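Listed below, chain by chain, are the residues.
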There are 2 protein chains.
Amino acid sequence: MYLGTPGEIVDERVTLRHGAGGRASHDLVESVFVRELRNPMLEPLADSALLAAGRRQLAFTTDSYVVSPLFFRGGDIGELAVNGTINNLAMSGARPAALSAGFIVEEGFPVADLKRIAASMACASLRAGVPIATGDTKVVESGKADGLYVNTSGVGCVEHRLSLGPLAVRPGDQVIVSGPIGDHGVAVMAARGDLELEPEVRSDTAPLHTLVSKLLRATDGVRCLRDPTRGGVATVLSDLADAAEVGVTIVQSQIPVRPEVIRSCETLGLDPLYAANEGKLIAIVSPDAADTALAALRSHPLGREAAVIAKVTPHPPGRVTLLTAGASRAIEMLAGAPMPRIC
Amino acid sequence: MYLGTPGEIVDERVTLRHGAGGRASHDLVESVFVRELRNPMLEPLADSALLAAGRRQLAFTTDSYVVSPLFFRGGDIGELAVNGTINNLAMSGARPAALSAGFIVEEGFPVADLKRIAASMACASLRAGVPIATGDTKVVESGKADGLYVNTSGVGCVEHRLSLGPLAVRPGDQVIVSGPIGDHGVAVMAARGDLELEPEVRSDTAPLHTLVSKLLRATDGVRCLRDPTRGGVATVLSDLADAAEVGVTIVQSQIPVRPEVIRSCETLGLDPLYAANEGKLIAIVSPDAADTALAALRSHPLGREAAVIAKVTPHPPGRVTLLTAGASRAIEMLAGAPMPRIC
């Protein structure tokens, strides 16, 4: 079977695998959008693009939300859309300034649900201190959507002088996660009601900009920030190892995961490392900055359970390895679609 | 029947009328989004929000595109999404700096069509000199979308010191349209193939930022700029009359419309004044600036057929009147949904 060169799409039609945030998503984006739209701002494929505005640097980002169901324990599509786009900006170290909101509504959608979601967005926007400054609403016929899709874009001001990103990552760097992983993925799967999952798991959806701000004020040893949403921690680290041409060794025993998330993931046949998070960040920091960074994160309510979970190694480049009790195994970028429409 | 106060939605479910850009859209946006998300940036409900960035002013806008079909004579959803968001920025007098692109793709969508649309966006982006700086792709199950929906958001720099908007409009001002109206609406309806429409009508999709720039350099007498997309010229002028608390008198014989558009609109039972445009602008200018504004617009390829079509009057506030041969009639904001999913 001809698999194509890396980043080349061989499928004739788009499948759900292309939406899961893993290898297939990567290939679709590379071979269709990056190839056609090639330009220096787009190519880093970071969470936000950076634009010059006079002597300032602006971050600009977009995300569409198609989560199913629209309401789940701990949040809904509206709160997710506000926090998710704030987090995209935060991962570039930007202070979020404003969001846009674009709604695609299916004919027949209850106005009461739309009001509930708008109220939830208003609440998330107030809590984060980031206004929704502009919006758009479209309606499509019954059967041409799934209730509601929301796009949020955002602009922010970069307020540091670091070059954050995979290219700043060096062997020896430490990998910190800001708290227990997999909550959002499990909460959404539980809300689908098709499996007997732990009902008490809540989405971790939260705006991370003040956590990032605290971290960047504490140390200038931060190399790269990522939020492990679709595809989870494993996919983010695979992607980083690939882009930075380094190895990453994860120590399984150091990964914070709630017991109920582990149990639910077992029911799902899913590794929590691949489960989506909506209120966690991965920080790659220089070896000498690790303690300061950890202390800064832990001093913030959203980072109390922060932990060093991995180390950057020179070899093998592009490879993520998981050290378990007495063994090690390779971690791949998410290949299938175990959790479509998770955000 | 209880109709509610103006701007209040009485329906329990969203209908296609709420997506047509007229009165029902207005009420949905007012009673759900504006009420919940109330903040000073959102409330002007202009095409773009204005944000302060140091001594600069930024414009920020978003638009989702759900046009059906995806390809039509003179353009496709990709070109429309690029030009449409550029035009939102241009209407606030901003120089567009960058766009984002968010794709919601239905499972089974042909990869070749996605490539064709991405190429079309690349071409429109290059032609306009506005890069697509960041993007996002989501995939939903078959039957949960209609091929492809595209959101484009945009940021730009405001490069004038005018306060453009309905509040600047005064009785005596002249209303200019930059060229013949209704082409886009008719081209999309023709592409649906369900009526015998003039096959030669092409969408007028075009980026208007250089036309606006030429106009603003020529005169400081510009009061307000709008692009008459969904709902057409009639809806934009009704909206303006409402917001500015002025009357607007349109002289029918002065409206530029192609004969083939008039014939197609007759077949559709539609007034060209309500047909969508994607490459035209409405400029409200002070009486003494009208000649200069008209000359500036006509000196640009996209404004060669610009014409003064209406005048702002003190009475009756909120009312648009159409003067036809020997008669006059009131023009309402589009009430129904004669052309859903036109953009």
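Report on the accompanying structure.

Rules behind the numbers
- Residues numbered from 1 in each chain as written.
- Chains lettered and ligands numbered in written order.
- Predicted model: local features only at pLDDT ≥ 70, side-chain atom pairs only at ≥ 80, totals over all residues.
- Heavy atoms only, no water.
- Helix = DSSP H or I, 4+ residues; strand = E, 2+ residues; numbered from the N terminus.
- Rg over C-alpha atoms; globule rule 2.2 N^0.38 Å.
- Buried < 20%, exposed > 50% of the residue type's maximum accessible area, 1.4 Å probe, protein only.
- Contact = heavy atoms within 4.5 Å.
- Areas by Shrake-Rupley, 256 points an atom, 1.4 Å probe, with all protein chains shown as cover.
- Lys, Arg positive; Asp, Glu negative; His and termini not counted.
- Charge placed at Lys NZ, Arg CZ, Asp CG, Glu CD.
- Buried area = accessible area lost by both parts, 1.4 Å probe.
- Salt bridge = Lys/Arg side-chain N within 4 Å of Asp/Glu carboxyl O.
- Polar contact = N/O pair within 3.5 Å; in protein donor to acceptor, adjacent residues only side chain to side chain.
- Nonpolar A, V, L, I, M, F, W, Y, C, P; charged D, E, K, R; others polar.
- Expected span 1.5 Å × (residues − 1).
- Least-squares fit on C-alpha atoms with pLDDT ≥ 70 in both.
- Axes fitted to C-alpha atoms, helices over the stretch in contact; angles between N-to-C directions.
- Parallel < 35°, antiparallel > 145°, perpendicular 65-115°, else oblique.
- Left-handed = near helix turned anticlockwise from the far one by under 90°.
- Pairing = 2+ DSSP bridges.
- Phe/Tyr/Trp six-rings, centres within 6.5 Å; stacked < 30°, edge-to-face > 60°.
- Lys NZ or Arg CZ within 6 Å of the ring centre and 35° of its normal.

Side note on the overall build of chain A
- Helices and strands together make up the secondary structure of chain A, namely 8 helices and 14 strands.
- In summary, chain A has a C-alpha radius of gyration of 19 Å against a globular reference of 20 Å for 343 residues, a match within 12%.
- Principal-axis analysis of the C-alpha atoms places the extent of chain A at approximately 55 × 50 × 45 Å.
- Burial statistics for chain A: of 343 residues in total, 61% are counted as buried.
- A fraction of 83% describes how many contacts in chain A between residues 6 or more apart in sequence connect residues 24 or more apart.
- Of the roughly 12,900 Å² that chain A leaves accessible, carbon and sulfur atoms contribute 49%.
- Of the side chains in chain A, 32 bear a positive and 38 a negative charge, and the two mean positions are spaced by 6 Å.

Regarding the interface of chain B and chain A
- The interface is formed by 78 residues belonging to chain B together with 78 residues belonging to chain A.
- Across the chain B/chain A interface, buried area totals approximately 6,600 Å², and carbon plus sulfur atoms make up 68% of it.
- A per-residue breakdown of the area chain B buries against chain A is headed by B:Val14, B:Phe60 and B:Lys138, which together make up 10% of the total.
- Counting the contacts that link chain B with chain A gives 8 salt bridges.
- Residue A:Asp63 pairs with B:Lys138 through a salt bridge whose shortest N-O separation is 2.9 Å.
- Remark: the boundary between chain B and chain A carries 23 residue pairs in polar contact (both at pLDDT 80 or more).
- Breaking the side of chain B that touches chain A down by element, the ones donating at least two residues are α1 (23-37), β1 (49-53), β2 (56-65), β5 (94-106), α3 (111-128), β6 (132-140) and β7 (148-158) of chain B.
- No other element matches β5(B), which puts 10 residues into the side of chain B that touches chain A.
- Counted by class, the side of chain B that touches chain A contains 41 nonpolar, 19 polar and 18 charged residues.

Observations regarding helix α6 (residues 232-244) of chain A
All names here are of chain A.
- Between the first and last C-alpha of α6 there are 18 Å, a value that for 13 residues agrees with the 18 Å anticipated at 1.5 Å per step.
- Burial within α6 is extensive, with 10 of its 13 residues counted as buried.
- Positioned one or two residues after α6, Glu245 has a phi angle of 55°, which is positive.

Things to note about the relation of the copies chain B and chain A
- The transformation that overlays chain B on chain A combines an axial shift of 0.0 Å with a rotation of 180°, and the residual RMSD is 0.0 Å. When the rotation and shift are considered jointly, the pair of chain copies conforms to a two-fold rotation axis. Considering only C-alpha atoms, the residue of chain B closest to the rotation axis is B:Ala145, which sits at 2.2 Å.
- Both copies contact each other with a shared surface, as 100% of the interface residues of chain B are interface residues in chain A too.

Some details on the packing of helix α3 (residues 111-128) of chain A against α1(B)
- For the pair α3(A) and α1(B), the least separation of the axes is 8 Å and the interaxial angle reads 30°. Between α3(A) and α1(B), the crossing angle belongs to the class labelled roughly parallel. Regarding α3(A) and α1(B), the two cross each other, and that crossing is right-handed. Across the interface between the two elements, A:Val111, A:Leu114, A:Lys115, A:Ala118, A:Ala119, A:Met121 and A:Ala122 of α3(A) pack against B:Leu28, B:Ser31, B:Val32, B:Phe33, B:Glu36 and B:Leu37 of α1(B).
- Split into classes, the residues belonging to the contact of α3(A) with α1(B) amount to 10 nonpolar, 1 polar and 2 charged.

Topic: the sheet that holds strand β2 (residues 56-65) of chain A
Residue and element names in this part refer to chain A.
- What the 5 strands build is an open sheet, ordered β1-β2-β7-β5-β6; its pairing is mixed. What marks the edges here is a single partner per strand, and that holds for β1 (49-53) and β6 (132-140). Neighbour to neighbour, the strand axes of the sheet diverge by 20° on average, direction disregarded.
- Here helix α2 (residues 77-91) sits on the sheet in contact with β2, β5 (94-106), β6 and β7 (148-158), set at roughly 150° to β2.

Overview of the packing of aromatic side chains
- Going through the model one piece at a time under the given rule, you end up with 2 aromatic pairs over all chains.
- For the ring pair A:Phe33 and B:Phe103, a centre distance of 4.0 Å and an interplane angle of 20° mean the geometry is stacked. Of this pair, A:Phe33 sits in helix α1 (residues 23-37) while B:Phe103 sits in strand β5, on two different chains. Neither A:Phe33 nor B:Phe103 differs from the other in exposure class; each is buried.
- Of note, A:Lys138 hangs over the ring of B:Tyr65, and the distance from its end group to the ring centre comes to 5.8 Å.

By themselves, these are just geometric observations and shouldn't be taken as functional.
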